[in-house]
Amino acid sequence: MKILFLVYHGFSEVSGISKKIRYQVKGLCQNGHEVHLCYYDQGQNCHWQRLVEVQSESGKVTSDKCVLEDFGTGKLAGLRQRISYGAVYDYCARRGIQMVYARCFQNANPWLKRFFSRLKRAGIKAVMEIPTYPYDQEFEGFSRTERLQLRIDQIFRRGLAKQLEAIATFTSEQQIFGQRTIRISNGVDLDSMPLHQKVDTSKALHLIGVAEVHYWHGYDRLIAGLGEYYKSENRKPVFFHIVGGVWKSEMHDDEHAPGFAELIEKYGIKDKVIFHGQLFGDELNKVFEQSAFAVGSLARHRSGISDIKTLKNREYASRGLPFVYSENDSDFDGQPYVLKVPADESPVNIARIVAFEEQLQMTPQEIRQTVEHLSWKVQMQKVVEQCG
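Our subject in this report is the structure included herewith.

Thresholds applied
In this convention, every chain numbers its residues from 1, walking through the sequence in written order. It should be noted that, the model being predicted, local features are given only for residues of pLDDT at least 70 and side-chain atom pairs only at 80 or more, the latter also being counted only at that level, while totals for whole chains, interfaces and linings use all residues. Processing note: side-chain calculations cover all non-hydrogen atoms of the structure and skip hydrogens and water entirely. Numbering goes from the N terminus for both helices and strands, where a helix is a DSSP run of H or I of at least four residues and a strand is a run of E of at least two. For every residue, the accessible area (1.4 Å probe, protein chains only) is compared with the maximum for its type, and the residue is labelled buried under 20%, exposed over 50%, or partly exposed between those bounds. Contact criterion: two residues are considered in contact whenever any of their non-hydrogen atoms come within 4.5 Å of each other. To be clear on the numbers: accessible area is Shrake-Rupley with a 1.4 Å probe, and residue cover counts the displayed protein chains and nothing else. We count Lys and Arg on the positive side and Asp and Glu on the negative side, and we leave His and both chain ends out. The atoms used to mark charge sites are NZ of Lys, CZ of Arg, CG of Asp and CD of Glu. Residues enter a patch when their relative accessible area is above 30% and they make no salt bridge; the linking distance is 9 Å between like charges and 5 Å between nonpolar side chains (Val, Leu, Ile, Met, Phe, Trp, Tyr). Salt bridges are counted wherever a side-chain nitrogen of Lys or Arg sits within 4 Å of a carboxyl oxygen of Asp or Glu. Pairing of N or O atoms within 3.5 Å defines a polar contact, subject to two protein rules: one partner must be a possible hydrogen donor and the other a possible acceptor, and residues neighboring in sequence count only if both atoms are side-chain atoms. Pairing of aromatic rings covers Phe, Tyr and Trp, the last through its six-membered ring, and needs centres within 6.5 Å; plane angles under 30 degrees mean stacked, over 60 mean edge-to-face, and all others mean tilted. Should the NZ of a Lys or the CZ of an Arg lie within 6 Å of a ring centre and within 35 degrees of the ring normal, that charge is described as sitting over the ring. Residue types Ala, Val, Leu, Ile, Met, Phe, Trp, Tyr and Cys, when buried and joined through side-chain atoms within 4.5 Å, form a set referred to as a nonpolar core. Each axis is a line fitted through C-alpha atoms, and for a helix only the stretch in contact is used; angles between axes span 0 to 180 degrees, taken between their N-to-C directions. Angles below 35 degrees are treated as roughly parallel, those above 145 as roughly antiparallel, those between 65 and 115 as roughly perpendicular, and all remaining angles as oblique. Residue polarity is assigned by list, with Asp, Glu, Lys and Arg as charged and Ala, Val, Leu, Ile, Met, Phe, Trp, Tyr, Cys and Pro as nonpolar; anything else, Gly included, falls into the polar class.

Scanning the protein chain from N- to C-terminus turns up 13 helices and 15 strands. Seen through its principal axes, the protein chain has C-alpha atoms that stretch 70 × 45 × 45 Å. Of all 388 residues assigned to the protein chain, the portion counted as buried reaches 55%. A separation of at least 24 residues holds for 69% of the contacts in the protein chain among residues at least 6 apart in sequence. Accessible surface, the protein chain: about 17200 Å² in total, of which carbon and sulfur atoms supply 49%. Each charge class in the protein chain was averaged separately, 50 positive and 47 negative side chains, and the resulting centres sit 6 Å apart.

Turning next to a nonpolar patch on the surface. A cluster of nonpolar side chains, Leu76, Leu79, Ile83 and Trp111, forms an exposed patch at the surface whose accessible area comes to about 410 Å². The element best represented in the nonpolar patch is helix α2 (residues 74-83), accounting for 3 residues. Structurally, Ile83 is set in helix α2.

Okay, helix α10 (residues 311-319) next. In an α-helix there are 3.6 residues to a turn, and that puts residues three or four apart on one side. The buried fraction of α10 is high, at 8 of 9 residues. The complete set of buried residues in α10 reads Leu311, Asn313, Arg314, Glu315, Tyr316, Ala317, Ser318 and Arg319. Directly after α10, the chain includes Gly320, whose backbone phi takes a positive value near 95 degrees.

All right, on to the side chain of Arg50 then. Within the secondary structure, Arg50 is located in strand β3 (residues 48-55). Here Arg50 is buried and forms no salt bridge, its nearest opposite-charge partner Glu69 lying at an N-O distance of 5.5 Å. Polar contacts involving the side chain of Arg50 include one to the main-chain carbonyl oxygen of Gln81, which spans 2.9 Å. Filtering out sequence-adjacent residues up to four positions away, Arg50 remains in contact with Cys38, Tyr39, Cys66, Val67, Leu68, Glu69, Phe71, Gln81, Ser84, Tyr85 and Val88.

Looking now at the packing of aromatic side chains. Inspection of every chain in the model, using the stated rule, returns 20 aromatic pairs. Between Tyr40 and Trp48, the aromatic rings sit 5.1 Å apart at their centres with planes inclined by 20 degrees, giving stacked as the arrangement. A residue is classified by how much of its surface remains accessible, and Trp48, at 27% relative accessible area, is partly exposed. Between Tyr215 and Trp216 the ring centres are 5.2 Å apart and the planes differ by 75 degrees, which places this aromatic pair in the edge-to-face class. As far as burial versus exposure is concerned, Tyr215 and Trp216 are alike and both buried. Linked through ring pairs, Phe288, Tyr316, Phe323, Tyr325, Phe332 and Tyr337 together constitute an aromatic cluster. Directly above the aromatic system of Tyr230 lies the positively charged group of Lys272, at a separation of 4.9 Å from the ring centroid.

Right, let's get into the nonpolar core. In terms of nonpolar packing, the biggest core is built from 53 residues, with Leu222, Tyr337 and Ile353 touching the most fellow members. Filtering out sequence-adjacent residues up to four positions away, Tyr337 remains in contact with Ala317, Leu321, Pro322, Phe323, Phe332, Phe356, Leu360, Met362, Ile367, Thr370 and Val371. In terms of nonpolar packing, the next biggest core, distinct from the first, is built from 34 residues, Leu68, Ala126, Phe139 and Ala161 among them.

A few words now on the packing of helix α4 (residues 110-121) against helix α5 (residues 144-161). For the pair α4 and α5, interaxial distance at closest approach is 9 Å and the crossing angle is 0 degrees. Here α4 is positioned roughly parallel relative to α5, judged by the angle of their axes. Contacts between α4 and α5 involve Pro110, Leu112, Lys113 and Phe116 from the first element and Phe156, Gly159 and Leu160 from the second. Here the residues of the contact of α4 with α5 are counted per class, giving 5 nonpolar, 1 polar and 1 charged.

Now the structure itself:
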């Protein structure tokens, strides 16, 4: 099948979302599909452009990038790409595209709705992936422009959903915006994940959390937990490594959560919380190599979400690391290498993490084996089969 994978932004080497999309494309290719990856990015002339590249089974580009449309520069380019989809439709018709898989960007509007309507009339099936649902609460505290974008999305998203064959979701929802869902799990690409080598934790325990940090990650709960943990003497040293961008709103108190900086100063644990910034490749692997336990999301309840299948949980398991989280995740709830904490505002009990890690008997290889069925090859083929 010829599939157009539509993304409304470009790619970054340090972005987990970028990596995920590349792995999804690879998964489709591994099932024998011809995938045309369409995205919006800057070209060599610094113009913002809508681009397409055709992918091989290995996930590598098999042809030169095709420029569908050049939007120029500046703010006008950003506006034009939000309303201009005629070139994408023409490409689909010209190249015999049979299915469009689009990643939701909370960007429903009249022009995007019309694009999917044209696809439907042409017999081209379309599926939209909504990575997080519900997502309205995530816009709290955002700028006026971003909240306006959400308002436009709220007006048009149900109408857009009617033009789709289905919505792909990582939740247990049967319907979203009045459209049926295809329920899949966030997948893993085991080829890209180095298997963790068990480290000695007898003298110290290193924790790692990897994310573009937002308030729903709840890392403040972990930092507060560290502060409470160190109130007692003769504790095993525990360190928390945060890898990824941290917004200023997370470093300082805001309407959603206590700030990291205030908590660190309050408890005097500056040397126990290490901010690495954005890392990838060997630099990221080095931090993983010294860590024995990972930290998932600890506050999805703040954005109104109780059930979700996050990408990060699967990446930790594919590396062979035990981890902690607070949401409901049917793929991991009950696994012996997973520690659940309450979905509330209480500090995380660090002593419980220490004891859990000390008694865990599973090897990294045994942990990895539990997620082999969650490969992107398996998950993306579910979408293709259920779209038909």
